[in-house]
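# Notes for the structure review
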Amino acid sequence: MQGMATTNDCSSTDDIRSDQPLTHAQTVWFDEPLALERGGELPKIRCCYETWGTLNADASNAVLVCHAVSGDSHAARHDADDQPGWWDGLVGPGLPIDTNRFFVVCPNVLGGCRGTTGPGDLREIPPERNTGNTNDAKSTPEQSTPQIPYGADFPRITIGDMVEVQRRLADHLGIRKWRAIVGGSLGGHQALQWVARYPDCTDTCIAIATSPRLTSQALGFDVIARNAIQTDPHFQGGQYYGTSKRPDTGLAIARMLGHITYLSVEAMEAKFDPDRHDPRQIASQFEQRFSIGSYLAHQGQKFTTRFDANSYITLSMAMDLFDLGGTRLRLMETFDDCTCDFLLVSFSSDWLFPPAQSREIVNALTALDKRVTYAEITTDAGHDAFLIARDMATYGPLVQERLWQSSEKPQDTSSQRANSETPVQLTVAEESILGFIPAGDSVLDLGCGTGELLAAIRDQHSGIPMRLMGVEVAQENILATAMRGIDVIDYDLNNGLPAFIDDQFDVVVLNATLQAVDNVVALLDEMLRVGKRAIISFPNFAYKALREDYVTRGRSPRAPGEFDFDWHDTPNRRFPTIADVHDLLIQMNVKIDQEIYWDVSQSRHIDADDNPNLNADTAVMVIHRS
């Protein structure tokens, strides 16, 4: 992909952030008081934000980027001389969030300390305000009334309050609807809150490494972090501004604790075990006996130079209070009115926002029949993966493809994607399946591979709306299917199909996978629950060439296609025959509507009265529950 980072560097972009002035930041004031969700109000709001690209004439190309707890408005460099951003691998010319095509907006969140109203602001905002580019919250004229910062008295805010400030910013910029809202971690919470509160606010919601609410374990870490800050002798009740002592020790400890939650066990072992007893010596009051101690001390102390302790308390509490629902029913109620499509990305080693929490959202969206793609990226980087170049290069194409899926694409977009898409090459069984699916039917393809069958269905019935969706577990196949513009979710079929409701699809397909699943009967039951009818294709292990391997050569059977494996590395768990499947379907009270048999090795169709159990190597059946 043009411009996309492919580095193997495993450093988080958050590690290189500094307290340098944000030279491209802009500031806007909102005079209308902000009524807060948990009571009280803020009389006036200042919002600091940065933009990239150009807003088009109808303001339809605007993308909102939302940052995490320790982030700010500087998502990406504006030019070669600019300081690094926290999503340089994702935002920029030719990158997944392409600033040549999109007008990208990234505001500092309410409660932060990089320009937007937060605990460090003065309680009384004077009528004279600087509306230029500035991050100085206190650049105000002298007042006769004494002013002190909010400090610990800054009102308790929520993710919803942050979103309300961003909505005002959108109005200020003339943006009625976002092309996409994108965020990771706390930024993902903001993206989800946007669509929950304003169901028609965006075409696409992209939530990365996030959750519908925090786990109790994650809450516990935040409680410890806040206690570390608030019990620091220099916290001074939150009014440490303007004094020579600040709660830097408490804030540093909070940051150290946070860093541990951002990393996986594997990442920590790789990073610190080789020189476990040879730490890099730095000037610090904290323990440095081990290499990880030196690293944490460095990160903790560095953080105190660019972040405010009260803001850390405020933002972590807002994240802890965030709760879109703890059950599928609650989440379905939350997202029921949403009109956008969704992309969710999680990371296999993230234990702060574990993949199971993303799947909770996906399951709710799937039950609502919303357009959703979900991928669990295999990585050892932990929660930090969404800020690591190597992992951005993996999930970035998903973001790019989702952003290109729009009813308002440039005329050349379709041809560009067609040229970049891998050509569809169907097997004989897939060609047969294709012939069984009429125009307009909704189709769920289980074990969809690279999405070729679904793409062929879409292309065969071009111009006719059809709900097409894939389920796949192999990461490379999920990426390939998504790149075809087809919705796909990362799910293990051995767990059944709990994400889907009864009769959700006209057709559920299981192509060349029956022999590889753990519980055949349970999966067939689920297929016939979710689909009005099902289509199964499978290799026939009673095929004559395989029998000859056993009887004549005394060897494990092997033949081209689904049989072409050595006995010790075959993915096949079952060895179905046509006769056996017939018997099973009778036992399950399932009727076969249509069936077709092939000797693929000879490119020959086998009639039903030509002993297909002997002469066919592949079977395709259309079935329904009697």
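Everything here concerns the structure above.
To keep things clear, this report deals only with the structure shown in the data block. None of these values were measured; they are calculated from a predicted model. (Residues numbered from 1 in each chain as written. Predicted model: local features only at pLDDT ≥ 70, side-chain atom pairs only at ≥ 80, totals over all residues. Heavy atoms only, no water.)

Buried residues dominate strand β11 (residues 341-347), accounting for seven of its seven residues. Covered by surrounding structure in β11 are Asp-341, Leu-343, Val-345 and Phe-347 together with Phe-342, Leu-344 and Ser-346, the residues of both alternating faces. Looking at chain direction, β11 and strand β12 (residues 372-377) are connected through six bridges and run parallel. Across the sheet, the residue bridging to Val-345 is Ala-375, located in β12. Note on the crossover from β11 through helix α9 (residues 355-367) to β12: the handedness is right-handed. (Buried < 20%, exposed > 50% of the residue type's maximum accessible area, 1.4 Å probe, protein only. Helix = DSSP H or I, 4+ residues; strand = E, 2+ residues; numbered from the N terminus. Pairing = 2+ DSSP bridges. Right-handed = clockwise from strand over helix to strand, strands pointing away.)

A complete count under the given rule lists 16 aromatic pairs for this structure. Taken together, a centroid distance of 6.1 Å and an interplanar angle of 45 degrees make the contact between Phe-235 and Tyr-240 tilted. With relative accessibility at 7%, the residue Phe-235 sits in the buried group. Taking the centre distance of 6.3 Å and the plane angle of 85 degrees together, the rings of Phe-307 and Tyr-312 count as edge-to-face. Here Phe-307 and Tyr-312 have matching classes, each one buried. Chaining the aromatic ring pairs together yields one cluster made of Trp-86, Trp-87 and Phe-386. Positioned over the ring face of Phe-303 is Arg-255, at 4.2 Å from the centre of the ring. (Phe/Tyr/Trp six-rings, centres within 6.5 Å; stacked < 30°, edge-to-face > 60°. Lys NZ or Arg CZ within 6 Å of the ring centre and 35° of its normal.)

What follows is about helix α2 (residues 186-197). Its twelve residues give α2 an end-to-end C-alpha distance of 16 Å, which sits within 8% of 16 Å, the value for a rise of 1.5 Å per residue. Counting buried positions along α2 gives ten out of twelve residues, so the element sits mostly inside the fold. Among the residues of α2, Leu-186, Gly-187, Gly-188, His-189, Gln-190, Ala-191, Leu-192, Gln-193, Trp-194 and Val-195 are the ones counted as buried. (Expected span 1.5 Å × (residues − 1).)

A few words on the side chain of Ser-70. The topology assignment puts Ser-70 in the loop between β5 (62-66) and β6 (91-92). Ser-70 gets classed as buried once you look at its relative accessible area, which sits at 7%. A polar atom in the side chain of Ser-70 sits 3.0 Å from the side chain of Asp-14. Each residue touching Ser-70, except ones within four places of it in the same chain, is listed here: Asp-14, Arg-255, Phe-303, Arg-306 and Phe-307. (Polar contact = N/O pair within 3.5 Å; in protein donor to acceptor, adjacent residues only side chain to side chain. Contact = heavy atoms within 4.5 Å.)

Generally speaking, nonpolar side chains in soluble globular proteins are found buried as a group. Core analysis: the biggest nonpolar cluster contains 110 residues, and Phe-335, Phe-342, Leu-446, Phe-500 and Met-621 have the highest contact counts within it. For Leu-446, the contacting residues outside a window of four places in its chain are Val-471, Leu-493, Leu-497, Val-508, Val-509, Leu-510, Asn-511, Thr-513, Leu-523 and Met-527. Counting 60 residues, the second largest nonpolar core, distinct from the first, contains Val-65, Val-399, Leu-403 and Ile-596. (Core = buried A, V, L, I, M, F, W, Y, C linked by side-chain atoms within 4.5 Å.)

Once that is clear, we can look at empty space enclosed by the protein. Across all of its chains, the model carries six cavities of 30 Å³ or more by this definition. In this structure, the largest cavity occupies an estimated 380 Å³ of space. If you trace the largest cavity, you find 31 residues lining it, with Val-69, Ser-185, Tyr-262, Leu-352 and His-383 closest to the centre. For the lining of the largest cavity, the element with the most residues is helix α4 (residues 248-262), which contributes seven residues. Of the residues assigned to the lining of the largest cavity, the class counts are 16 nonpolar, ten polar and five charged. (1 Å grid on protein atoms, 1.4 Å probe; cavity = no way out; pocket = protein on both sides within 12 Å on 5 of 7 lines; lining within 4 Å. Points joined across faces, edges and corners; volume = space filled by probe spheres on them. Nonpolar A, V, L, I, M, F, W, Y, C, P; charged D, E, K, R; others polar.)

To continue, consider the pattern of salt bridges. All chains considered together, the criterion is met by 33 salt bridges. One salt bridge in this structure joins Arg-226 and Asp-320, with 2.8 Å as the shortest N-O distance. Placement of the pair is Arg-226 in helix α3 (residues 216-230) and Asp-320 in helix α7 (residues 309-321), with a sequence separation of 94 residues. There is no split in this pair, since Arg-226 and Asp-320 are both buried. Residue Asp-487 pairs with Arg-467 through a salt bridge whose shortest N-O separation is 3.2 Å. Linking Asp-487 in strand β15 (residues 487-490) with Arg-467 in the loop between α13 (452-460) and β14 (468-472), this pair joins segments that are 20 residues apart in sequence. (Salt bridge = Lys/Arg side-chain N within 4 Å of Asp/Glu carboxyl O.)

Tracing the sequence through the fold places Ile-45 in strand β4 (residues 45-52). Under the relative-accessibility criterion, Ile-45 is labelled buried at 0%. In sequence terms Ile-45 and Pro-465 are 420 residues apart; their C-alpha atoms lie 45 Å from each other. Apart from the residues lying within four places of it in its own chain, the contact partners of Ile-45 are Val-28, Trp-29, Phe-30, Leu-34, Leu-110, Thr-117 and Val-165.

Here the focus is the side chain of Ser-537. Secondary-structure assignment places Ser-537 in strand β17 (residues 531-539). Among the polar contacts made by the side chain of Ser-537, one reaches the main-chain amide nitrogen of Ala-512 at a distance of 2.9 Å.

We now examine the state of the cysteines. Using the criterion set out here, one finds zero disulfides in the structure. With no disulfide partner, Cys-47 has as its closest neighbouring cysteine sulfur the one in Cys-48, 7.2 Å distant. Since its relative accessible area comes to 0%, Cys-47 is described here as buried. With no disulfide of its own, Cys-338 lies closest to Cys-340 among cysteine sulfurs, the gap being 5.2 Å. Classification of Cys-338 by relative accessible area gives buried; the value is 4%. (Disulfide = S-S within 2.5 Å.)

The angle between the axes and the distance between the axes are what describe a pair of packed helices. Where helix α10 (residues 389-404) meets helix α14 (residues 475-483), the axes come as close as 9 Å, and the angle between the chain directions of the two elements is 20 degrees. In terms of orientation, α10 and α14 fall into the roughly parallel class. Along this stretch, α10 crosses α14, giving a crossing that reads as left-handed. Contact residues: α10 offers Thr-394, Pro-397, Leu-398 and Glu-401, while α14 offers Gln-475, Leu-479, Ala-482 and Met-483. In terms of residue class, the contact of α10 with α14 is made up of five nonpolar, two polar and one charged. (Axes fitted to C-alpha atoms, helices over the stretch in contact; angles between N-to-C directions. Parallel < 35°, antiparallel > 145°, perpendicular 65-115°, else oblique. Left-handed = near helix turned anticlockwise from the far one by under 90°.)

Time to look at helix α8 (residues 328-335). For α8, the set of buried residues is Leu-331, Met-332, Thr-334 and Phe-335. Relative to the axis of α8, the buried residues are bounded by an arc of 155 degrees and lie together on one face. Facing away from the buried side of α8 by more than 90 degrees, the exposed set consists of Leu-329 and Glu-333. The inward-facing, buried residues of α8 contact α2, β11 and α9. (Arc of directions from axis to C-beta.)

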